[in-house]
Each structure stands twice: as C-alpha cells, then as structure tokens.
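Each chain is listed here by its residues.
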Amino acid sequence: MNKLKVGIIGLGGICRGAHMPGYLKMDNVEIAAICDILPEKIDSFKKDFNMPDIPSFTDYGDLINFEGLDYIDICTPNYLHSIIAVEAMEKGLHVFCEKPDAVSVEEAEKMREAAEKYSRHLMVMRNNRYRATAKYLKQFIADGKMGEIYCGRCGWQRRRGIPGKGGWFTTKAQSGGGPLIDLGVHMIDLSIWLMGNPTPVAVSGCTYMKFADSNVSDSINSHFGDAKEDGTFDVEDLAMGFIRFDNGACLQIEFSWASNVEEEQSFVELRGTKAGSCFTSKTGRLKIFTEDYGHLVDLEPVTADDNKCMPQHEANLRHFADVLLGNSEPDFVPVQGVNMIKILEAMYKSAETGKEVQL
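Predicted model only: the values in this text are computed from it and were never measured.

**Observations concerning the pattern of salt bridges**
No. 1: All told, the structure shown has 19 salt bridges when counted by the stated rule.
No. 2: Between Arg112 and Glu113 there is a salt bridge whose closest N-O contact spans 3.9 Å.
No. 3: Judged by its relative accessible area of 45%, Glu113 falls in the partly exposed class.
No. 4: Glu269 is paired through a salt bridge with Arg153; the nearest N and O atoms lie 3.4 Å apart. Here Glu269, found in strand S11 (residues 265-272), pairs with Arg153, found in strand S7 (residues 149-157); they are 116 residues apart in sequence, far enough to count as distant.
No. 5: Accessibility expressed as a relative area gives 14% for Glu269, which makes it buried.
No. 6: Among the residues examined, Arg153 registers a relative accessible area of 31% and is labelled partly exposed.

Written out as structure tokens, the structure reads:
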C-alpha cells in the first residue's frame, strides 16, 4: 500500500495527545516531517516517539516546501491556522487543521477560496461527529424518527478550567477568543450537523470575564497550553447566546472556562416534532424522548461506549486519509467552517454592541 505522507506543524499538547495516538495506529499514513518554532519541542518529540531521523524544521515554510508531502496537519495556535493552510494549498498540498477553522470570517473565507482555487481538500477537526452516540442519533434523524428539528441547546460548562492562563489561549490576538472559540466549535458543530447543517442567519449573545484573577482549577483541561504567570488575559471566560437559522430553527449556546456550576459537562439537546434527544458528558449516554401508542416513552439506546470505541480524533484523521485516497466523500466541507466562524464572530460583535447581528 502506498502511504500518504504528512507533515505536522505544531508539536504541542493537541498534537501529542490527540493526533499522534491516531497516526501511530494508521497504516496508510506516514509522518514524513515535523515542525515547531521551539527546537526543544522537536527534540522531545523525536525522543518520545522514537523518530530520531525524521526531517524537522523550525519554520513552517520550510516544511511546506519539503519534497514528497501529500498533506499537512496544522496543530498550531489559532491565529496561524489560515495563514499556514492557504500557503500550503498554494503549494499544492491538502490540509487537515485543528479547530477552530480561523480567527475571523475573512481568514476562513481565504481558506475556503484557496481550497476551491487549487482543488485541494481542506478539513478541520470535527471529532465529536465520530462519537458512537452522535453517529446513532445522526442515523435516527436521517430516518425521520425525530421529525422536524426546530430548536435545541448546547454547551460546555467548566467550573474552573482555564487553559494555559496567560499564554496564547487567553491572548485574543493569538486565540481569537476564550471558551466560545475554544469549546464552542465542538458542541455548536455537533448540534448543527445533527440538525442537517442549516445556515445561520442571526446571532445574539453576551460574554463575561470574571475569573481572570483566579488560579483555582478542577479540570485537567487547564493544563493545556503554556501558562505564563505575568501573561495576557483579554478574552471571555463565559459566553451565552442564541442562533437563528434560515429554516426557522434556533439554538441556545453556553460555553465557559470558569463559572460557578456544580461540575464540568458538555451537552447537546435537540427537540423535534416526533422526538427529542439529549446527550451529556455527565453520563456519556444518549436519551430520546418520544411518544408511542398514546404514551410518553423514554428511550436510552445501548450504543458502544465512546471510551471503548476508536478515539474520535483518530476517526476524523482516518476519514481524511480515506478522502485523499478516494475511498470516501468528505463529511466536512469548507463552507461549514466559514459558517462556524460567522457565528462566533457575530457572537463577539453582539456582546460588544448589545444587539442581534444579522449574517
């Protein structure tokens, strides 16, 4: 089998903890080159993954120009996603990228336009679509068992889980925002994907920064990123909002890195004319609420345990490889990424102006 050759740019936590475990199990992809601006990260990567002779670079431009690559995998801070992706596609490479797609609608549009102009595949991580519960519910909806899905709500609440405080995560110029852009992509995408990808037409919301001075943590996620004691914190720690879609449906959203709630959880709740559904990370189970034979009925499908399935990031990477090899049609297209960033950008604008933003 001819293997696809990938160059990885950015060797931090998301690369090591989510992408590499997948690549090490894939027999159709070879890690052909790596890049990070910090030489010490390159050295530790080579040692930890037993790749002493792998070509390595501290400038992403050098990696993009490395001969023989089929695609690159971008695992850098958010503000670099679009810059690197567009340059790579101009060089003829396909692109897989960590979320979020970009830090502005303008940058997301540049990525979409480059993918179209150069006929390259561009896919951004949407790992939650690969949950066993999500795949079950997607089929349940496709079979018409939910009826018309007309509203929903989703969120990811943390009690105390600010990642890399003072580093790029909490620096708006590098991250694009706080939990809305960090966590929001996950649950908003999952909700909209399950709803059939309606187009957002209006957004309203509020953002708050209330825990910038707190160093308390109860979440493993607070260890992501490189914290800086005297660094920058100019992003929100809580965002709440409301999205309207072109088909009349709506979605409530809530995302926090720090908030006085009982415990951390993520959730997606949808309501249809034939049934409703709810998934929460508290239980890891999907529940469906419907009626039958004149009675209200609660269903709890016995899906495979997400913790025992193929890891979601690995499944997403495998799907991208299958697309490049011509074995699958992409389940993510760049316009979905543009719409996502339109939602996030409009949320921040609405929070600033106090008014609903039309898209």
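**Considerations on the sheet that holds S11**
No. 1: Reading across the sheet, the 9 strands line up as S14-S13-S12-S11-S7-S10-S9-S8-S15 and stay open at both edges, with mixed pairing between neighbours. Each end of this open sheet is capped by a strand with a single partner; those strands are strand S14 (295-299) and strand S15 (357-358).
No. 2: Across 8 bridges, S7 lies against S11 in antiparallel orientation. Along S11, the bridge assignment pairs Trp156 with Ser266.
No. 3: Lying on the sheet, helix H9 (residues 184-194) is in contact with S7, strand S9 (238-245), strand S10 (250-256) and S11; it crosses S11 at an angle near 20 degrees.
No. 4: Contacting strand S8 (200-208), S9, S10 and S15, helix H11 (residues 334-353) runs over the sheet at an angle of about 50 degrees to S8.

**Quick notes on empty space enclosed by the protein**
No. 1: The final tally for this structure, using the stated rule, is 2 cavities of 30 Å³ or more.
No. 2: Volume-wise, the largest cavity comes out at about 80 Å³.
No. 3: Forming the boundary of the largest cavity are Arg131, Thr133, Ala134, Leu137, Leu190, Leu194, Val268, Ser277, Cys278, Phe279 and Leu286.
No. 4: Every element with two or more residues in the lining of the largest cavity is listed here: helix H6 (132-142), H9 and strand S12 (276-280).
No. 5: Volume-wise, the second largest cavity comes out at about 50 Å³.
No. 6: What lines the second largest cavity is Asp101, Ala108, Met111, Arg112, Leu122, Val124, Phe332, Pro334, Gly337 and Val338.
No. 7: Here the lining of the second largest cavity is built from residues that sort into 7 nonpolar, 1 polar and 2 charged.

**Let's talk about the pairing of strand S5 (residues 94-97)**
No. 1: Side chains His94 and Phe96 of S5 all project onto a buried face; the interleaved residues Val95 and Cys97 project onto the opposite face, where all are buried too.
No. 2: Both strand S4 (residues 71-74) and S5 contribute to a ladder of 4 bridges, which runs parallel. Paired with Asp73 across the bridge in S5 is Phe96.
No. 3: Between the parallel pair S4 and S5, the chain is carried across by helix H4 (residues 81-90), and the sense of this crossover is right-handed.
No. 4: Inspection of the sheet shows S5 paired to strand S6 (residues 122-124) by 3 bridges, in the parallel sense.

**Considerations on the packing of H9 against H11**
No. 1: Where H9 contacts H11, the axes come no closer than 11 Å and their chain directions differ by 125 degrees. The orientation of H9 relative to H11 falls into the category oblique. Considering only the axes of H9 and H11, their crossing is right-handed. Residues Val185, Ile188, Asp189 and Ile192 of H9 form the contact with H11, whose participating residues are Met340, Ile343 and Leu344.

**Quick look at the side chain of Asp36**
No. 1: Topologically, Asp36 is positioned in the loop between strand S2 (29-35) and helix H2 (39-48).
No. 2: Summary of buried charges: Asp36 has no salt-bridge partner, and the nearest side chain of opposite charge, Lys41, is 4.7 Å away.
No. 3: For Asp36, the side chain forms a polar contact with the main-chain nitrogen of Leu38, separated by 2.9 Å.
No. 4: Setting aside residues up to four positions removed in sequence, Asp36 forms contacts with Gly10, Leu11, Gly12, Lys41, Ile42, Phe57 and Thr58.

**A few points about the environment of Pro21**
No. 1: Note that Pro21 resides in helix H1 (residues 13-23).
No. 2: Through-space distance from the C-alpha of Pro21 to that of Gln174 is 26 Å; in sequence the pair is 153 residues apart.
No. 3: Ignoring sequence-local partners within four residues, the contact set of Pro21 consists of Cys15, Arg16 and Glu314.

Cut-offs applied
Residues numbered from 1 in each chain as written. Predicted model: local features only at pLDDT ≥ 70, side-chain atom pairs only at ≥ 80, totals over all residues. Heavy atoms only, no water. Salt bridge = Lys/Arg side-chain N within 4 Å of Asp/Glu carboxyl O. Buried < 20%, exposed > 50% of the residue type's maximum accessible area, 1.4 Å probe, protein only. Helix = DSSP H or I, 4+ residues; strand = E, 2+ residues; numbered from the N terminus. Pairing = 2+ DSSP bridges. Contact = heavy atoms within 4.5 Å. Axes fitted to C-alpha atoms, helices over the stretch in contact; angles between N-to-C directions. 1 Å grid on protein atoms, 1.4 Å probe; cavity = no way out; pocket = protein on both sides within 12 Å on 5 of 7 lines; lining within 4 Å. Points joined across faces, edges and corners; volume = space filled by probe spheres on them. Nonpolar A, V, L, I, M, F, W, Y, C, P; charged D, E, K, R; others polar. Right-handed = clockwise from strand over helix to strand, strands pointing away. Parallel < 35°, antiparallel > 145°, perpendicular 65-115°, else oblique. Left-handed = near helix turned anticlockwise from the far one by under 90°. Lys, Arg positive; Asp, Glu negative; His and termini not counted. Polar contact = N/O pair within 3.5 Å; in protein donor to acceptor, adjacent residues only side chain to side chain.

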